[in-house]
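# Examination of the molecular architecture
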Amino acid sequence: MKLLSSDIKNNVLQSMITILDRERQNIIAANKKDLDAFNRDDQALYDRLVVNEAKVDGMIQAVREVMAQDDPVGQTISDMTLDSGLQITNKTAPFGTILIIYESRPDVTIEAAVLAFKANNKILLKGGKEAINSNLILEQCWHEALESNGLSKDWIRLLHLKREETQEFLRNPSEPLDLIVPRGGERLIKFVKDHASCAVLISGRGNNFLYVSEDADWEKAVKVIVNAKTDKISGCNALDKVLINKNIPNYEDKLKDLQKVLQGVNVTIVTDDNVAKVLPNETTIDNEDTWYEEFLALKIVLAEVASTDEAITMINKYSGGHSAAIITENKDTAALFMEQIDSAAVYHNASTRFTDGGQMGVGAELAISTDKLHHRGPLGLKQLVTNKYYVFGDGHVRV
């Protein structure tokens, strides 16, 4: 797809804001068809599927925020003239065609596409069948915005493929693909990695840990744990595992206090063998797989550790590399923890729920990347470009 001026791209986004606002009741009505057909056994997936007035407002706000950001394409990264006289300029450039595969969340059809489009990429969207009616009307909104500004609707389109067809498309795409971004659980990510024939940027699982050190302020710890666990259970930045240093003053009383607080907000507690001695009526871990599991539910593991080093080792072994937090009043302990933990975001005395583009100053995001190439953390507008070298000579030859 050709390079578009910033004005043309912003005009499309301004049209999209108007269209989304105009069509909000039709969008919500289409979403109701998806909700009525959905099996509510998976509450987290159901929560992600819902589109209401607030969700439409969020879509509009995401488009507005991206429209207000500088165009990320054609920005100079470096510019130098060598002793040979060659001038070498490195600039940002579009990836080309980005395929986004996602489950349940219709708002991704807006929030992911708007970022990729502003970065001058062609966007292919493969949403889940559970959101088909919602995604279809949102695709229609995109097509109207594009065509009303003289652009082909091929810039942004849904792929209507069954699982087997998607598998074949990933292996042998019928058109060039430059990047695939899967947004969803481990099964989806593994499916894409197993079958893709181009670069895949992983938006990893959560399974986030929080460590309460022996120097922690207990009130802060409880406040952060409750927020990180219950604020949004379907978020990839939700908390799943809490490691508590056994040397914290009044250890057993504090465990019982935390148990009472979590029970009060309907969180199911699972313990390791050591915590089970203090909280004998809770379920205990009977399989190591539990340590690797992202719950996406009102469920949490409470476990005992003897030191910060033990906590670091456990987190680096079991976590999804997304977000990890330490609660401590000792800045040296916090620094050690944050330097040694291998996660995209590390926190000191704060909830993991802040791992979000909007909350971290990036703005609208495509996903939270747990990859170390090409970018780690929130994938915002500036991260949806690659680079290209422009080399200017005057008959130069290499000798």
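Preceding this paragraph is the structure being described.
Just so it is clear, the model here is predicted, and its values are computed rather than measured. Note that residues are indexed from 1 along each chain, following the sequence as it is written. Predicted model: local features are reported for residues with pLDDT of at least 70 only, side-chain atom pairs are reported and counted for 80 or more only, and whole-chain, interface and lining totals are derived from all residues. In computing side-chain properties, one takes all heavy atoms of the structure into account and sets aside hydrogens as well as water.

A few words on the pattern of salt bridges. The term salt bridge refers to a pairing of a side-chain nitrogen on Lys or Arg with a carboxyl oxygen on Asp or Glu at a separation within 4 Å. This structure, assessed with the given rule, holds 18 salt bridges. Taking the shortest distance from any N to any O, the salt bridge between R105 and D107 comes out at 3.0 Å. A simple rule labels every residue: compare its accessible area, found with a 1.4 Å probe on the protein chains alone, to the largest value its type can have, and call it buried under 20%, exposed over 50%, or partly exposed in between. Using a relative accessible area of 5% as the deciding quantity, one classes D107 as buried. A salt bridge links D342 to K372, with the shortest nitrogen-to-oxygen separation between them at 3.1 Å.

Only DSSP runs of H or I covering at least 4 residues are called helices, and only runs of E covering at least 2 are called strands; the numbering of each starts at the N terminus. For a helix, the expected span equals 1.5 Å multiplied by the number of residues minus one. If you check helix 10 (residues 251-264), its first and last C-alpha atoms are 20 Å apart, about what 14 residues at 1.5 Å a residue would give, namely 20 Å. Taken as a whole, helix 10 has its buried residues at Y251, K254, L255, L258, Q259 and L262. Across the axial projection of helix 10, the buried residues extend over an arc of 145°, all falling on one side. In helix 10, the exposed positions angled more than 90 degrees off the buried face are occupied by D253, K260 and G264. The inward-facing, buried residues of helix 10 contact helix 9 (218-230), strand 8 (239-245), strand 9 (268-271), helix 11 (273-276) and strand 11 (299-305). Directly after helix 10, the chain includes N266, whose backbone phi takes a positive value near 65°. Taking the helix axis as origin, the arc is that swept by the directions to the C-beta atoms. Only heavy atoms matter for contacts: two residues are in contact if any of them lie within 4.5 Å across the pair.

With that settled, consider the sheet that holds strand 5 (residues 156-158). One requirement defines pairing of two strands: DSSP has to find at least two bridges between them. Here we have four strands laid out as an open sheet, ordered 5-4-3-6, and parallel in their pairing. On the outer flanks of this sheet lie strand 5 and strand 6 (179-183), each paired with one strand and no other. Shown here is a sheet whose adjacent strand axes are inclined to one another by a mean of 20°, direction ignored. Where strand 4 (residues 122-126) and strand 5 come together, three bridges link them in parallel fashion. Across the sheet, residue L124 finds its bridge partner in strand 5, namely R157. Angular values range over 0 to 180 degrees, each being the angle between N-to-C directions of two axes fitted as lines to C-alpha atoms, with helices fitted over their stretch in contact. In this fold helix 6 (residues 132-147) packs onto strand 3 (97-102) and strand 5, with an angle of close to 155° to the strand it touches most, strand 5.

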